[in-house]
Amino acid sequence: MDNNQLQRKFGFITAVCLIVGAVIGSGIFFQNATVFRALGGNLGLAVLAWVIGGIVMFTMAYVWAILAGRHESMSGLADYSEALIGRKYGYFLTWFLGTILYPSFAAVLAFVSARFTANLLGWDNAFLNPGTWMLAGVYLIGIYIVNVISTKLAGRFQVSTTFIKVIPLILMGIVGIIVGLVNGTQADSIGTPSLLPDTDLRNPFYVAILATVFAYAGSEEILMFNREIKNSRRNLPLAIIVGSIIIISIYVVYTIGIFGSAPVDELARGEDGVLSGFRNVFGSAAGSILHVFVIISCLGAMNSAMMAGSRTFYSIAIRNMGPAQEQLSMVDRKTNVPHHSAVISLLCSALILLFVFGNTSRWFHGVTNDLGISITALAPITLMAFYIPLFVMVMVRGGATRDGQRPMHWFNRFVMPALAIAGGIFMIYMVFDTNWRGALWYLGGFAVIMGIAALFLIPSIARRGQASIEQTTTQESPN
């Protein structure tokens, strides 16, 4: 049996784990390698890049917390967009989240989880090994099954993986700092970095910041669970702020600690360097166990992306918009999961995983390989383009809602949204400045997907217009 009501079943701890689990995934492990390569192993600049990325993330998360504190019955960005700008804006934003952003996160995290697993098992050429890609598909389907079996099961998985994933980060941060202070690694990396900067990059520091921004991505996923968090007007904003502070702190401490675990040129090799660093600090056996925790960390982040993605088309359908509204608005009574919406999310993730595989296998040689088409690296262009008008409207309307709430405090209404706008513009500029050709190709694909969304929106508008006419005719007809 199905209905269209999601229940409030997540408490404050689960909410914190949702945001921490959504953000902390594979990014901190393999994006640090990008930061190291771009900045030549300079620890001071690397920490600064992580701090700047964290500030950008925190200002936006703070605005989400403001809105979450004023909209208890809302279900994420679609409702915030509808309240501040309009129904159509919320529709297109949610379509983007459901077809591009969340599925790309899930697909990339599935592949990275498989790469870390292949590396742990000692597979040759894990990046191109067909077995790695098959394992990525298994991970993707496995996490989907966890989500459709039960939302509570997915929530418990998120809580457990969040606690598991912070263990290797905190241990490496603390122990790595101690080891680095003893052998002088951190001091050397600040004064005379052992790795030459990547001279092929036009703006290495921008590249480093973009890498950290990717690792911080995902904080908005928790907004999709507003209808499912108990006392969300209190718990959700608090969880966003607390979770954001936890994430930034862990990332900075881990970055300092990992410098003490292995030579920087070794750490710059990505997951190979991460595994070497853990084994150097904790020994071969303990390092391998912690490496398993890293894999669980990636799976936990993928679970969060899948949970959020599975609710996007449900969020559209319950507004009587988009395709197959009756089917996509259904929620299973036993599992309290929008199964049909989850299937769409899985299919989008699988298509993006196939694209990543084709790009890696040089199917598109001469186009994407030369232009650097990376959906997760380029998606901030359109994500920020959607967010900036929302931040502007928070300032213009003071977060006013239909129930006559009091105006916001000036700091919440003007200062934090302005900082979030500045961060969004900065991110768009950085993406174009580092890879403008790839950005143009991405925008072409984005336009096609939004065009498909528009085609599905037209019948929805027609149905609502017809319903309005029928209602008016009924009211005016004689008894």
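Anything mentioned here points back to the structure above.
Residues numbered from 1 in each chain as written. Predicted model: local features only at pLDDT ≥ 70, side-chain atom pairs only at ≥ 80, totals over all residues. Heavy atoms only, no water.

**Some points on the overall build of the protein chain**
Note the following rule: In this text, helices come from DSSP runs of H or I with a minimum length of four residues, and strands from runs of E with a minimum of two, each type numbered from the N-terminal end. The contact criterion used is simple: two residues touch if any of their non-hydrogen atoms lie within 4.5 Å. Here the Shrake-Rupley method, with its probe set to 1.4 Å, supplies the accessible areas, and only the displayed protein chains count as covering residues.
Assigned secondary structure in the protein chain consists of 20 helices and two strands. In the protein chain, the share of contacts with a sequence separation of at least 24, taken over all contacts with a separation of at least 6, comes to 83%. Entry remark: accessible area of the protein chain is about 19,300 Å², with carbon and sulfur atoms responsible for 66%.

**Remarks on helix H9 (residues 204–216)**
Put simply, the rule is: Expected helix span is given by 1.5 Å per residue-to-residue step, counting one fewer step than there are residues. Here's how the labels work: a residue is buried when its accessible area is under 20% of the maximum for its type, exposed when over 50%, partly exposed in between, all with a 1.4 Å probe on protein chains only.
With 13 residues, H9 extends 19 Å between its outermost C-alpha atoms, agreeing within 8% with the 18 Å of an ideal straight helix rising 1.5 Å per residue. Of all 13 residues in H9, 10 are buried; the element is thus mostly enclosed. If you check which residues of H9 are buried, you get Val207, Ala208, Ile209, Leu210, Ala211, Thr212, Val213, Phe214, Ala215 and Tyr216. Directly after H9, the chain includes Gly218, whose backbone phi takes a positive value near 115°.

**A word on the packing of aromatic side chains**
Cut-off, in case you're wondering: We call Phe, Tyr and Trp rings a pair once their centres come within 6.5 Å, taking the six-membered ring for Trp, and we label the pair stacked below 30 degrees between planes, edge-to-face above 60, and tilted otherwise.
If you walk through the whole model with that rule in mind, you get 24 aromatic pairs. Ring centres of Tyr91 and Trp95 lie 5.9 Å apart, and the angle between their planes is 45°; this geometry places the pair in the tilted category. On the criterion of helical spacing, the pair formed by Tyr91 and Trp95 is a turn pair, its members being four residues apart in helix H5 (residues 87–121). Like Trp95, Tyr91 is buried.

**Points about the nonpolar core**
Which entries qualify depends on this criterion: Here the nonpolar core consists of buried residues drawn from Ala, Val, Leu, Ile, Met, Phe, Trp, Tyr and Cys, with membership extended through side-chain atoms lying within 4.5 Å.
Grouped together as the largest cluster of nonpolar side chains are 142 residues, with contacts concentrated most on Trp64 and Phe96. By residue number, the principal contributor to this core is H5, which donates 19 residues.

**Some thoughts on the side chain of Thr94**
For Thr94, the location among the structural elements is in helix H5. For Thr94, a relative accessible area of 1% puts it in the buried group. Other than its neighbours up to four places away in sequence, Thr94 contacts Ala78, Thr312, Ser315 and Ile316.

**Quick notes on the pattern of salt bridges**
The following threshold applies: By definition, a salt bridge exists where a carboxyl oxygen of Asp or Glu is found within 4 Å of a side-chain nitrogen of Lys or Arg.
Tallied over the entire structure, the rule returns three salt bridges. Ionic pairing is found between Glu82 and Arg319, a salt bridge with its closest N-O pair at 3.3 Å. Pair noted here: Glu82 is in helix H4 (residues 77–84) and Arg319 is in the loop between helix H14 (312–317) and helix H15 (325–328), with a separation of 237 residues, a long-range link. Comparing Glu82 with Arg319, the two get one shared label, buried. Three or more residues joined by partner-sharing salt bridges are found here, namely Asp79, Glu82, Arg87 and Arg319.

**Observations concerning the packing of H5 against helix H19 (residues 380–397)**
Applied cut-off: Angles here are taken between N-to-C directions and fall from 0 to 180 degrees, while the axes themselves are lines fitted to C-alpha atoms, restricted in helices to the stretch in contact. Angle categories are assigned with fixed cut-offs, so that under 35 degrees is roughly parallel, over 145 is roughly antiparallel, 65 to 115 is roughly perpendicular, and the rest are oblique. Helix crossings are classified by the rotation of the near helix relative to the far one: an anticlockwise turn of less than a right angle makes the crossing left-handed, while a clockwise turn makes it right-handed.
Running from N to C, H5 and H19 cross one another at 150°; their axes reach a closest spacing of 11 Å. For the element pair H5 / H19, the angle class is roughly antiparallel. H19 is crossed by H5, and the crossing has left-handed handedness. Two secondary-structure elements touch here, H5 through Tyr89, Phe92, Leu93, Phe96, Leu97 and Leu101 and H19 through Thr382, Leu383, Ala385, Phe386, Pro389 and Leu390.

**A closer look at the packing of helix H2 (residues 27–39) against H9**
Stated formally: When residues are sorted by character, Ala, Val, Leu, Ile, Met, Phe, Trp, Tyr, Cys and Pro go into the nonpolar class, Asp, Glu, Lys and Arg into the charged class, and all the rest, Gly among them, into the polar class.
Interaxial distance between H2 and H9 falls to 8 Å at its minimum, and their mutual angle equals 175°. Viewed along their axes, H2 and H9 adopt a mutual orientation that is roughly antiparallel. Residues Gly27, Ile28, Phe30, Gln31, Thr34, Val35, Ala38 and Leu39 of H2 form the contact with H9, whose participating residues are Pro204, Phe205, Val207, Ala208, Ala211, Thr212, Phe214 and Ala215. Its residues placed into classes, the contact of H2 with H9 shows 12 nonpolar, four polar and no charged.

**Topic: the environment of Glu220**
Relative to the helices and strands, Glu220 resides in the loop between H9 and helix H10 (232–258). Judged by its relative accessible area of 5%, Glu220 falls in the buried class. Considered as a pair, Glu220 and Ala61 are 159 residues apart in the sequence and their alpha carbons are 7.1 Å apart.

**Here's the deal with the environment of Met427**
Within the secondary structure layout, Met427 lies in helix H20 (residues 410–476). Linking Met427 and Val56, residues 371 residues apart in sequence, is a C-alpha distance of 8.8 Å. If near-sequence neighbours (up to four positions away) are discounted, Met427 is found in contact with Val56, Met60, Leu210, Val213, Pro380 and Met384.

**Focus: a nonpolar patch on the surface**
Cut-off, in case you're wondering: What goes into a patch is any residue over 30% in relative accessible area without a salt bridge, connected to like charges within 9 Å or, for nonpolar side chains (Val, Leu, Ile, Met, Phe, Trp, Tyr), within 5 Å.
On the surface, Ile141, Ile145, Ile149 and Leu153 cluster together into a nonpolar patch covering about 330 Å² of accessible area. By residue number, the principal contributor to the nonpolar patch is helix H6 (residues 130–149), which donates three residues. Structurally, Ile145 can be placed in helix H6. You can call Ile145 partly exposed: its relative accessible area is 40%.

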